[in-house]
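Residue strings, one per chain:
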Amino acid sequence: MAQLILLGTGAALSDVTREHTYLVAQGERESILVDCGGSPVQRLAHAGVPLGTLDHVILTHHHPDHIYGLPILLLDLWLAGRKKTLHIYGLAETIRAVRAIMRAFEWARWLEHGFFPVEFHTVAKKGINLVIVTNEFSISATMTKHLLPTIALRFVSRVSGKSVVYSSDTEVCESVVEIARDATMLFHEATTLDSAVTGHSSARQAGDQARRAGVKKLVLLHLPPNSDAKKFHAVASKAFESAVVVAKDFARFKF
Ligand SMILES: [Zn+2]
Ligand SMILES: [Zn+2]
């Protein structure tokens, strides 16, 4: 059975209980990492995800809290003995930023010493479009409304037929409602409790989005430092009457 494991659940300013928001979809034989904070190899180990199952990394946008862990992920996979290709997906702007960061680390030199191949795949900016189909997952993307070009993602388990959606960073946005339509779970950012912030959503707005999309369960993540989980739950529940969960690092959701 597939599961979504939250490797981190904090906003850009995180706290002692939350790593920056990133997650992994784990199937029987494959895993797909979405965004890359902190020390991904350490977090994947903690979550019990074997590195050999990871062939795909999707980056939602190039704010530091979503991609700063990528250089150490690449280095650590190499040190762990990786030989096979790693596929990285993102918008053109995201891939440009990642390439620039890796140039700063002079990764061309790594290639001279047996570094494994990395293939970049550009995600198109057109409606809801398919990013990747693997044996166990089908993943599509759509643009959100954020401070930089950003994608939300819908994961469909090809085993169960169930789907889960990750909003990434976004204001209230029709395209996120569309991609989340009738999903089993919507993982939506809640960077504030109830106040409007440009480029982000509040817990109340996340609840509105979940209600409009008709999902079964709403999971709040990308939470601000020292957030009161009871308050976030209560505010989102005013807008969305079905199940609301305030995420914790390493929480798992089967789908
Ligand atoms: Zn963020
Ligand atoms: Zn952002």
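Structure: see above.
Below, the structure is looked at part by part. (Residues numbered from 1 in each chain as written. Chains lettered and ligands numbered in written order. Predicted model: local features only at pLDDT ≥ 70, side-chain atom pairs only at ≥ 80, totals over all residues. Heavy atoms only, no water.)

So, the overall build of the chain
Right, on to step 1. Regarding its fold elements, the chain presents eight helices and 14 strands.
Right, on to step 2. Taking 18 Å as the expected radius of gyration for a compact globule of 255 residues, we find that the chain reaches 17 Å, a close match to that expectation.
Right, on to step 3. A principal-axis box enclosing the C-alpha atoms of the chain has dimensions of 55 × 35 × 35 Å.
Right, on to step 4. Across the 255 residues of the chain, 57% fall into the buried class. (Helix = DSSP H or I, 4+ residues; strand = E, 2+ residues; numbered from the N terminus. Rg over C-alpha atoms; globule rule 2.2 N^0.38 Å. Buried < 20%, exposed > 50% of the residue type's maximum accessible area, 1.4 Å probe, protein only.)

Observations regarding the coordination of the zinc ion (ligand 2)
Right, on to step 1. At the metal site, the zinc ion (ligand 2) is ligated by His61 (NE2), His63 (ND1), His146 (NE2) and Asp169 (OD), and these contacts range over 2.1 to 2.3 Å.
Right, on to step 2. In this structure, the zinc ion (ligand 2) is coordinated by four donor atoms arranged in irregular fashion, with angles at the metal of 90 to 165°.
Right, on to step 3. When the donors of the zinc ion (ligand 2) are listed by position in the chain, the intervening gaps give H-x1-H-x82-H-x22-D.
Right, on to step 4. Separating the zinc ion (ligand 2) and the zinc ion (ligand 1) is a distance of 3.5 Å, and Asp169 donates to both of them. You can see His61 sitting in the loop between β4 (54-58) and α2 (64-67) and its partner His146 sitting in the loop between β8 (137-143) and β9 (151-157), a full 85 residues away along the chain. (Donors = N, O, S within 2.8 Å, 3.2 Å for Na, K, Ca; no water. Tetrahedral: all angles 85-135°; square planar, octahedral: opposite > 155°, others 65-115°.)

Side note on the packing of aromatic side chains
Right, on to step 1. Enumeration according to the criterion identifies nine aromatic pairs in this entry.
Right, on to step 2. Geometrically, the ring pair formed by Trp78 and Trp110 is stacked, given 5.7 Å between the ring centres and 25° between the ring planes. A residue pair is termed long-range when its members are at least 10 positions apart, and Trp78 in helix α3 (residues 70-79) and Trp110 in helix α5 (residues 107-111) qualify at 32 residues.
Right, on to step 3. Each ring, one from Trp78 and one from Phe115, has its centre 5.4 Å from the other, and the planes form 75°; the classification is edge-to-face. Within this pair, whereas Trp78 is found in helix α3, its partner Phe115 is found in the loop between α5 and β6 (118-122), the two being separated by 37 residues in sequence.
Right, on to step 4. Connected via pairs of aromatic rings, a cluster forms that spans Trp78, Trp107, Trp110, Phe115, Phe116 and Phe120. (Phe/Tyr/Trp six-rings, centres within 6.5 Å; stacked < 30°, edge-to-face > 60°.)

Overview of the sheet that holds β8
Right, on to step 1. Spatial ordering of the open sheet is given by β7-β8-β9-β10-β11-β12-β13, a layout of seven strands whose pairing is mixed. Across the chains shown, the open sheet's two edge strands, defined by having one partner strand only, are β7 (129-133) and β13 (243-246). Between one strand axis and the next, the sheet turns through 20° on average, direction left out of account.
Right, on to step 2. Examined bridge by bridge, β9 and strand β10 (residues 163-166) share four bridges and lie antiparallel to one another. Residue Val156 lies in a different strand from β10, and its bridge partner there is Ser163.
Right, on to step 3. Most of the contacts of helix α8 (residues 229-239) go to β13, to which it runs at about 150°, and overall it touches β12 (217-221) and β13. (Pairing = 2+ DSSP bridges. Axes fitted to C-alpha atoms, helices over the stretch in contact; angles between N-to-C directions. Contact = heavy atoms within 4.5 Å.)

With respect to unusual backbone geometry
Right, on to step 1. Here the phi dihedral of Asp35 falls at roughly 65°; this positive angle occurs in a residue that is not glycine.
Right, on to step 2. By secondary structure assignment, the location of Asp35 is in the loop between β3 (31-34) and α1 (40-47).
Right, on to step 3. One non-glycine residue, Glu106, adopts positive backbone phi at about 55°.
Right, on to step 4. Mapped onto the secondary structure, Glu106 falls in the loop between α4 (92-104) and α5.
Right, on to step 5. By relative accessible area, which is 42% here, Glu106 ends up partly exposed.

Focus on the pairing of strand β1 (residues 3-8)
Right, on to step 1. Of all six residues making up β1, six are buried, and the element is well covered by its neighbours.
Right, on to step 2. When β1 meets strand β14 (residues 252-254), the two strands line up antiparallel, connected through three bridges. Note that in β14 the partner of Leu4 across the bridge is Phe253.
Right, on to step 3. As judged from the five bridges shared by β1 and strand β2 (residues 22-26), these two strands associate in the antiparallel manner. Paired with Leu6 across the two strands is Leu23, which belongs to β2.

So, the sheet that holds β1
Right, on to step 1. Strand order in the open sheet formed by seven strands is β6-β5-β4-β3-β2-β1-β14, with mixed pairing between adjacent strands. Lying at the two open borders of the sheet, with one neighbouring strand each, are β6 and β14. For this sheet the average axis-to-axis angle between neighbouring strands, irrespective of direction, equals 20°.
Right, on to step 2. Pairing of β2 with β3, which is carried by four bridges, proceeds in the antiparallel orientation. What sits directly across from Leu23, in β3, is Val34.

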